Amino acid sequence: MDRKKKLLIVSHAPSPNTLTLRDAVARGAGHEDIENVEVTLLAPLDAGPDDVLACDAIILGTTENLGYMSGALKDFFDRSYYPCLEKTQALPFAYYIRAGHDGTGTRRAIESITTGLKWRLVQEPVICRGEFQEEFVDQCEELGMSIAASLEAGII
């Protein structure tokens with residue numbers, strides 16, 4: 001049998017609401033119908049280049065902080081960028097942003113770094129704007145499920 005594919009979720013979740021979103025992504029990725037994907041969930045300060053090098057796809061999650069990604073996710077990129085630069089080109093990735101405003105600066109920052117890494121965005125980002133809404137939870141769960149199912153099926 002083929003080895004399980006590895007999906008890495010790196011998510012900054014400093015509040016109960018962002019923790020709920022992170023858990024929704026992981027719940028979707030770990031759906032019972034998805035049997036051949038191993039999900040690893042790490043906080044950005046606990047994740048590093050070895051985790052990225054070991055995965056087949058990655059989902060990033062961050063808050064919008066002053067129009068930028070969280071410092072923790074930026075730290076993850078700072079530590080992982082050069083060790084991964086030549087070895088993870090075309091890595092499938094997706095991301096979500098918990099944006100109190102519009103998420104534009106955060107999106108631009110993530111896409112700038114991932115473009116430099118030559119990662120491949122495989123799904124439109126989920127941007128949870130404004131006041132917290134329960135639909136954000138469903139959107140994040142669908143994101144996790146979609147990426148894991150696509151990885152398992154060999155689509156990404």
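Rules of the game
Residues numbered from 1 in each chain as written. Predicted model: local features only at pLDDT ≥ 70, side-chain atom pairs only at ≥ 80, totals over all residues. Heavy atoms only, no water. Disulfide = S-S within 2.5 Å. Buried < 20%, exposed > 50% of the residue type's maximum accessible area, 1.4 Å probe, protein only. Core = buried A, V, L, I, M, F, W, Y, C linked by side-chain atoms within 4.5 Å. Helix = DSSP H or I, 4+ residues; strand = E, 2+ residues; numbered from the N terminus. Contact = heavy atoms within 4.5 Å.

A. Here's a closer look at the state of the cysteines. Under the defined criterion, the tally for this structure stands at 0 disulfides. You can see C84 has no disulfide; the closest cysteine sulfur is in C55, sitting 8.3 Å from it. Classification of C84 by relative accessible area gives buried; the value is 1%. Lacking any disulfide linkage, C140 is separated from the closest cysteine sulfur, that of C128, by 4.2 Å. On the accessibility criterion, C140 (0% relative accessible area) is buried.

B. Spotlight on the nonpolar core. Ranked by size, the top nonpolar core spans 26 residues in total, and within it I58, L60, F76, F77 and W119 carry the most contacts. Listing elements by their share of this core, those giving two or more residues are β1 (5–11), β3 (57–63), α3 (71–85), β4 (92–99) and α4 (104–117). Here this core gets 6 residues from one element, more than from any other, and that element is α3. Among residues more than four places away in sequence, those in contact with L60 are V10, L73, F76, F77, F93, A94, Y95, Y96, I110, T114 and W119. With 22 residues, the next largest nonpolar core counts A29, A57, F136 and V137 among its residues.

C. Main features of the environment of L85. Looking at where L85 falls in the secondary structure, it is placed in helix α3. Not counting chain neighbours up to four residues away, the residues in contact with L85 comprise G116 and L117.

D. Structural view of unusual backbone geometry. Notably, A90 is not glycine yet its phi reads approximately 75 degrees, a positive angle. Positive phi, close to 65 degrees, is recorded for K118, a residue that is not glycine. Summarising the element assignment, K118 is placed in the loop between α4 and β5 (120–121).

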